[in-house]
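The lines below spell out each chain.
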Amino acid sequence: MGLLAAAAILTGCDSQPATVKMADTKADAAAKLKASRAAKVKAAAKVKANELGQIPVLMFHRIVPKPATTDDRSPEQFRADLERLVREDYVPITAAEMVAGKIDIPAGKHPVVLTFDDSSPSQLTLNEMGVPQKDTAVAILKEVAAKHPGWRPAATFYVTRDMFGKTVREEQAQALLWLKDNGFEIGNHTRDHLNLRGRSQKEVEEQIGTIAKQISSLSYTNPTTIALPYGNQPRHKDWAMKGKLYNHKGAFLAGYTPAPAPFSKSFDAAGIPRIKAMEKKGDCAQFCSAAWLDWLKNNPDMRYTSDGDVRTVAYPKYKNPYLRKSFATWSLPY
């Protein structure tokens, strides 16, 4: 008995109490967490991440061989627009991804949102094999992406009842389902493309809700963003965000400036600015895509640059006052 007791005492002396082991485990976990954060901060600083920077949301309409208005782009112009974005390290995301803060792009790259209004046949027309016709917007997007592996052909198409020139329900469904299956976002652009300014709440809800219901019934998806016709908000901007048949997370306007990041205090989900795609001519010498992309290139501290980690919001410490409080737990200042 004496020997057994002595052995038990000796064994007890060689083992740590459970509370000590737990403390060591917590300390190890804290040390690993600290080291991991330090590595993330170092990586963010290396690429000069700025996830409170501005994001260009580009606005396109028709892609046609002979542009009839300044809203139109030729296939050659559209290719050139995309090739510039590739050269300058922009990676497309959808409007829905932007407003949700799901900006999952490589470190050192910049997000850009490509939006297409009015659901024109020049944006998407499928041949008898279900393949996009040459020189349509989606065909050019896929063509440029094939030339540049890793560049994502993402865009948001804002739909009206014109529905890419299709009037037969089955053909409308085919177009919308093609977009959905190929990673494009389907957004709301009102049924009749009416100016919502000055309209009653009933009229606003009818214009937005009826097309939302149609899109849902054809594609089994509910639009989460809207592009307001002519960029005009209704008398109460929240009417465009939420109604009986829709619940939008973002409403996009018609122009003039890059958009604040969704993590920034200046971000207004009900009024997100877009930029018209055009060269430096007339008013566009200052306010369209060529001018703004030049400005962002020359002012890199104002442009959104990713740290490559969708779970963090990285930025230089001096920008800390601009962070929205709701993203404080995501913050990674350096």
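Being a predicted model, the structure only gives us computed values, none of them experimental.

1. Here's the deal with the side chain of Thr-312
Within the secondary structure layout, Thr-312 lies in the loop between helix H9 (289-298) and strand S11 (313-315). At 2.6 Å, the side chain of Thr-312 forms a polar contact with the side chain of Asp-307.

2. Details of the environment of Tyr-256
Relative to the helices and strands, Tyr-256 is located in the loop between strand S9 (250-252) and strand S10 (275-276). Considering only alpha carbons, one finds Tyr-256 and Ala-212, 44 residues apart in sequence, at a separation of 27 Å.

3. What about the state of the cysteines?
Under the counting rule described, the total for this entry stands at one disulfide. The disulfide partner of Cys-284 is Cys-288, and the S-S distance across this bridge is 2.0 Å. Where Cys-284 bonds to Cys-288 through sulfur, the torsion about that S-S bond is close to -40°, and the disulfide is left-handed.

4. Remarks on helix H6 (residues 169-181)
For H6, built from 13 residues, the straight-helix expectation of 18 Å at 1.5 Å per residue is met to within 8% by its first-to-last C-alpha distance of 18 Å. Along H6, the residues classified as buried are Gln-172, Ala-173, Ala-175, Leu-176, Trp-178 and Leu-179. Structurally, H6 contributes buried residues whose contacts are with helix H5 (137-147), strand S4 (156-159), strand S5 (185-188) and helix H7 (201-219). Gly-183, located one to two residues past H6, shows a positive phi value of around 85°.

5. Notes on the nonpolar core
Among the nonpolar cores identified, the biggest contains 40 residues, and Phe-78, Leu-82, Leu-114, Phe-116, Leu-141 and Leu-179 are the most heavily contacted of them. The element that contributes the greatest number of residues to this core is H5, accounting for six residues. With sequence-adjacent residues up to four places away left out, Leu-141 is seen in contact with Phe-78, Leu-82, Leu-114, Phe-116, Trp-151, Pro-153, Ala-155 and Phe-184. The next biggest cluster of nonpolar side chains, apart from the first, holds 24 residues, and it includes Ile-55, Tyr-158, Phe-252 and Val-313.

6. Some points on the pairing of S4
Of the two faces of S4, the one carrying Thr-156 and Tyr-158 and the one carrying Phe-157 and Val-159 are both buried. Relative to S4, strand S3 (residues 110-117) is paired through three bridges, and the arrangement is parallel. When the sheet's bridge partners are listed, Asp-117 is paired in S4 with Tyr-158. Running through H5, the crossover from S3 to the neighbouring parallel element S4 is right-handed. Of the pairings in the sheet, the one linking S4 to S5 comprises four bridges and is parallel in character. Note on S5: the bridge partner recorded for Tyr-158 is Gly-187. Between S4 and its parallel partner S5, the chain crosses via H6, and the hand of that crossover is right-handed.

What counts as what
Residues numbered from 1 in each chain as written. Predicted model: local features only at pLDDT ≥ 70, side-chain atom pairs only at ≥ 80, totals over all residues. Heavy atoms only, no water. Helix = DSSP H or I, 4+ residues; strand = E, 2+ residues; numbered from the N terminus. Polar contact = N/O pair within 3.5 Å; in protein donor to acceptor, adjacent residues only side chain to side chain. Disulfide = S-S within 2.5 Å. Expected span 1.5 Å × (residues − 1). Buried < 20%, exposed > 50% of the residue type's maximum accessible area, 1.4 Å probe, protein only. Contact = heavy atoms within 4.5 Å. Core = buried A, V, L, I, M, F, W, Y, C linked by side-chain atoms within 4.5 Å. Pairing = 2+ DSSP bridges. Right-handed = clockwise from strand over helix to strand, strands pointing away.

Interpretation in functional terms is not warranted from these geometric data alone.
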